[in-house]
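Here are the chains, one letter per residue:
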Amino acid sequence: MKMQKGLLLLGAVLLSVVLTACGGQEKKETTSEDKIHVMTTFYPMYEFTKQVVGNKGNVELLIPAGTEPHDFEPSAKDLAKISDSDVFVYNSPELETWTDNLTDTINTKKTEVIQASKDIKLMEGAEHDHEEAHDHDSDEHEEHGHDHDLDPHVWLDPVLAIKEVETIRDQLSKKYPEDKAAFEKNAASYIDELKAVDQEYQTTFKDAKNKTFVTQHAAFGYLAKQYGLTQEAIAGISPDQEPSPSRLSELKHYVDDNQVKVIYFEENASSKVAETLSKETGVKLKVLNPLESLTDKQIKDGESYLSVMRENLSALKESIQ
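The model shown is predicted, which means the values in this text are computed figures rather than measured ones. (Residues numbered from 1 in each chain as written. Predicted model: local features only at pLDDT ≥ 70, side-chain atom pairs only at ≥ 80, totals over all residues. Heavy atoms only, no water.)

(A) Representation of the sheet that holds strand β5 (residues 212-215). Judged by pairing direction, the sheet is parallel, and its four strands sit side by side in the order β6-β5-β7-β8 without closing on themselves. On the outer flanks of this sheet lie β6 (230-233) and β8 (284-287), each paired with one strand and no other. The mean angle between the axes of side-by-side strands here comes to 35°, regardless of whether they run parallel or antiparallel. Strand direction decides the pairing type here: strand β7 (residues 262-265) and β8, joined by four bridges, are parallel. Considered in β8, the bridge of Ile263 is made with Leu285. Packing against the sheet, helix α9 (residues 245-257) makes contact with β5 and β6, and its axis sits at approximately 140° to β6. (Pairing = 2+ DSSP bridges. Helix = DSSP H or I, 4+ residues; strand = E, 2+ residues; numbered from the N terminus. Axes fitted to C-alpha atoms, helices over the stretch in contact; angles between N-to-C directions. Contact = heavy atoms within 4.5 Å.)

If you want it as structure tokens, here you go:
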């Protein structure tokens, strides 16, 4: 009898060991390196993709926080990071001009390439100082093999941001059909939040009498179009593009004639020109963030696309009344 009890006890112990081992193995599988590895170019692409992917993958940012994406050129190490990822998400060849020839250098069977703006018709860029900018950049146009006079800043319109999120969701679902339900659920939740931001913008600008705002660089064209506003930009599509003296003089008159109260500048680019205009006209300066990147500090402080879009709305209220 004692022996029988002993055998039963031994059997129970062995069964427990086997079950624990199996359980441990199963746990290891769910937290393994099988997660989707996604590389994204700059902050909005990172944020939109992260919201769709959720816990199904690891999303990384290629262009470092606080870096101006207009000027970024990838190193060999950066290209290796893209090649090693399962998915690569970018906005458009109009902003990430170096993506033009990317498919020649990476294996697209291994790495899924997603252009988030592919279903959006891009607008013409700002015309101011167009000839000077065109002459200056003509070599670059030829080098990259296509015209960069289209405006890439679609993410600053919450309605178009929704389209980008949908494109990312749909292409990820095609590549990973087993995770489609998760991607759809995650995207739906985030799209609801983007719709709420859109509603706040609509309500704020619906009955505004003055609908013009002056900004440092022409990043807010899509946002202006969506809400019936007019953007007057000091510089062109690139924040580093300097306006000509005649353009500055024209803007000074514009500010005086239209009783402009605020000139908007951005933290991550030089605000020298905006400051000059502010001094000459006596108009105050305020930040309007084009969300091309967030600093490490902003990310650590919990700022996000949604919070910055609301900060922008609050800033715009001072001009649009």
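(B) Looking closely at the packing of aromatic side chains. Evaluated as defined, the whole model comprises twelve aromatic pairs. Taken together, a centroid distance of 6.5 Å and an interplanar angle of 45° make the contact between Tyr43 and Tyr46 tilted. Highlighted residues: Tyr43 and Tyr46, both in helix α2 (residues 43-53), separated by three residues, approximately one helical turn. The two residues Tyr43 and Tyr46 agree in class, both being buried. Ring centres of Phe48 and Tyr190 lie 6.3 Å apart, and the angle between their planes is 50°; on these two criteria the pair is classed as tilted. In this pair, Phe48 sits in helix α2 while Tyr190 sits in helix α7 (residues 180-205), placing the two residues 142 residues apart along the sequence. Relative accessible area serves as the criterion here: at 0%, Phe48 is assigned to the buried category. (Phe/Tyr/Trp six-rings, centres within 6.5 Å; stacked < 30°, edge-to-face > 60°. Buried < 20%, exposed > 50% of the residue type's maximum accessible area, 1.4 Å probe, protein only.)

(C) Local environment of the packing of α7 against helix α12 (residues 305-316). Contact geometry for α7 and α12: axes closest at 11 Å, N-to-C directions at 0°. Judged by the angle between their axes, α7 and α12 are roughly parallel. Residue-level contacts link Tyr190, Glu193, Leu194, Ala196, Val197, Glu200, Tyr201, Thr204 and Phe205 of α7 to Tyr305, Leu306, Met309, Arg310, Asn312, Leu313 and Leu316 of α12. Split into classes, the residues belonging to the contact of α7 with α12 amount to eleven nonpolar, two polar and three charged. (Parallel < 35°, antiparallel > 145°, perpendicular 65-115°, else oblique. Nonpolar A, V, L, I, M, F, W, Y, C, P; charged D, E, K, R; others polar.)

(D) View of α9. Here α9 is 13 residues long and its end C-alpha atoms lie 18 Å apart, about the 18 Å a rise of 1.5 Å per residue gives. Taken together, the buried positions of α9 are Arg247, Leu251, Tyr254 and Val255. For α9, the arc enclosing every buried residue in end-on projection is 95°, short of the 170-degree limit, so these residues lie on one face. Those residues of α9 that are exposed and angled more than 90 degrees off the buried face are Pro245, Ser246 and Asp257. The inward-facing, buried residues of α9 abut β5, β6 and α10 (272-281). Positive backbone phi, approximately 50°, marks Gln259, located one or two places after α9. (Expected span 1.5 Å × (residues − 1). Arc of directions from axis to C-beta.)

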